[in-house]
Amino acid sequence: MATLNKLAIRGIRSFDDKQISVIEFFSPVTVIVGHNGSGKTTIIECLKYATTGDQPPNTRGGAFIHDPKMANEKEVKAQVKLRFNTGNGKRMLAVRNLSVTVKKGGALTMKTLESILANANDNEKSGKRGVISTKCAEMDTEIPHLLGVSKAVLENVIFCHQEDSYWPLAEPAALKKKFDDIFEATKYTKALDAIKSLRKDRVAELKAEQARLESLSREKAHSDKLLKRVSDLNSTITTKEFEYEEVKREYDQLVQANKKFYEQSTKFREMYLKLESLQEKKTRYEEDLANAKENLHVVSGTDEEVMQRLNNFDKHIAEQKEKRRSEASNLQDLEDELAGARKSHMGAVNEHGSLKAEEKAQSRRIEERETLIRSIGTKHHLKGYDHSPLEKEKVVEFISRLGDLQRRQNAETERLQTESRTRMDEYNVMARKLNSELEALKQQKSTMKNQIATLRSKITSAEFSLDQTSSLTTDIRTLQGDIEEKKRRLDKVRQEIKDANYDEKIAEKSSKARALEDQREDLNGEIRTLSLQADSRARLDIKRAEMRSKKNEAQNMWVPGTRLVFLTVDFS
Ligand SMILES: Nc1ncnc2c1ncn2[C@@H]1O[C@H](COP(=O)(O)OP(=O)(O)OP(=O)(O)O)[C@@H](O)[C@H]1O
């Protein structure tokens, strides 16, 4: 609680400007006692002046300062110093200085000099002044603030001047203003208005935020949809990748089978050619043998020659045998070769059959591939693969286009994922922001609710007081009873009046009064007639006087020898 410590007065009212008078205030109460005119009011005035900067009423022109004539000076300097403790225990010092000077004509001129509001503790400890303000206006607002009471309370309640102390009996408008000042009602009204406008703003903001939230929710739903689409696309891509892998594997297998088939067909062709050449050889040998058999004939020549030939025959036979053996072995070889060739031919025929089957399977697979290519092409709008058969280059091109499409879809997926991540981040940021704003609004709402609860309790107390006023109805009933009683008494009096024939008497008096009225009317008529006559007579007199004067004028203007005739009119 704020307390006052000391007040030093110099040159105020009856306090001399030559010395400083110090008043110390004690806790819990200080009683100021003194004779009339000893300066008690002046102390309160000084306190009020020190705290609010307001001088007492009717002291314009320096009446608040010690009279220079009394001090026998041309100038008197006044000072009010107040040391006080603030609500939070700080010791403060407020100093206000004034001066009054006597002008030539004897009139007084007052001046407000330097004022200081300082921290008294700083002053004591360090010898320095912890000056807070030297401006009067600032001090006027700062000191009430430090004391923890409003200026209106200081002026009208705590240091209320005895001349102003009748303000509670003032007219309603002035009284209301005072109460408004004391209870700072304007501040609360303003605060209430501010709260209302703030509430309005907040409600509008809330609406806008709700709309934003809705749009964000819509966007979130959209982004969720997109995410779902992305995940669907991802799964489709995965399936397609899997399918692609399958197709590629099948394709590789087909390529491998093709290669094998080609190698086998080459081998078969080689073997077939070899077989043909061997058969040709065999035919040739057989022909040679037949030719040799045909060419066998009787040997001619001499005996010596024959002997020679015989001698050589064995050798020749041996040679021939040898030749035959070698030919037979050759034949055997060739037969073996032929059997081998036949065998390989059979193998080749078998292989040919299996290759044919493989070819069919390959064609079926190629057909399946084409169907797959066509369905994928239709699905992904890849045109130019509707014809059949599809060339190898077309298939390769399709695979490369499918690869491109996959890459594009991957890129699109990544873009969508990035976009969705960004959207999600934005949404999260926005959601966090909205949540914090919502929290703030909830806080405000709870504050408002508290205020509403306070107001409701006030209304309840007002209703209670209203109920109390219902006791007035009892009073009213009592009063009605009184009225009834009075009515009864009135009737009684009326009866008495009736009994006393007041009405007849009144009627008689009234008729008399009416007769007198009539008489008065007649008299008034007479008076009016008489006044009219008097008026006419007065006018006649004027006319007569005019006539006489005209007559005289005419006589004065008359020329002897002429005849003068007067016409006389009687107006009477
Ligand atoms: N400008 C002035 N110069 C010198 N003296 C003044 C001046 N104004 C007022 N006085 C004197 O100061 C005194 C005012 O005293 P004050 O009204 O403070 O006394 P009080 O103790 O409150 O008296 P009361 O008990 O009658 O209210 C009076 O004696 C008055 O003549």
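Rules behind the numbers
Residues numbered from 1 in each chain as written. Predicted model: local features only at pLDDT ≥ 70, side-chain atom pairs only at ≥ 80, totals over all residues. Heavy atoms only, no water. Axes fitted to C-alpha atoms, helices over the stretch in contact; angles between N-to-C directions. Helix = DSSP H or I, 4+ residues; strand = E, 2+ residues; numbered from the N terminus. Parallel < 35°, antiparallel > 145°, perpendicular 65-115°, else oblique. Left-handed = near helix turned anticlockwise from the far one by under 90°. Contact = heavy atoms within 4.5 Å. Salt bridge = Lys/Arg side-chain N within 4 Å of Asp/Glu carboxyl O. Buried < 20%, exposed > 50% of the residue type's maximum accessible area, 1.4 Å probe, protein only. Nonpolar A, V, L, I, M, F, W, Y, C, P; charged D, E, K, R; others polar. Patch = residues over 30% accessible without salt bridge, like charges linked within 9 Å, V, L, I, M, F, W, Y side chains within 5 Å. Areas by Shrake-Rupley, 256 points an atom, 1.4 Å probe, with all protein chains shown as cover.

**Quick word on the packing of helix 8 (residues 303-379) against helix 9 (residues 392-469)**
For any two helices packed against each other, one specifies the crossing angle of their axes together with the interaxial distance.
Part 1: Packing of helix 8 against helix 9 brings their axes to within 12 Å, and their N-to-C directions diverge by 40°. Considering their axes alone, helix 8 and helix 9 lie oblique with respect to each other. In the crossing of helix 8 with helix 9, the sense of the turn from one axis to the other is left-handed. Contacts from R369, I373, I376 and G377 of helix 8 reach helix 9 at V395, F398 and L402.

**Some points on the pattern of salt bridges**
Any two side chains of opposite charge can pair, on the condition that their charged atoms come close.
Part 1: Enumeration over the complete set of coordinates arrives at 23 salt bridges.
Part 2: Of the charged contacts, one joins R407 and D404 as a salt bridge, the two residues approaching to 2.3 Å between their closest N and O atoms. You can see R407 and its partner D404 sitting in helix 9, three residues apart, about one turn around the helix.
Part 3: Residue class for R407 comes out exposed when judged on its relative accessible area of 52%.
Part 4: With a relative accessible area of 32%, D404 lands in the partly exposed category.

**Digging into the packing of helix 5 (residues 151-158) against helix 6 (residues 172-182)**
Part 1: In contact at an axis separation of 8 Å, helix 5 and helix 6 are set at 125° when each is read in the N-to-C sense. Put simply, helix 5 runs oblique to helix 6. Together, A152, V153, N156 and V157 of helix 5 and K178, D181 and I182 of helix 6 make up the contact between the two elements.
Part 2: Looking at side-chain class alone, the contact of helix 5 with helix 6 contains four nonpolar, one polar and two charged residues.

**Focus on a nonpolar patch on the surface**
Part 1: A cluster of nonpolar side chains, V29, V31 and V33, forms an exposed patch at the surface whose accessible area comes to about 330 Å².
Part 2: Checked against the element boundaries, V31 lands in the loop between strand 2 (21-24) and helix 1 (40-52).
Part 3: A relative accessible area of 63% places V31 in the exposed class.

In short, the description is geometric, and any link to function would need to be established separately.
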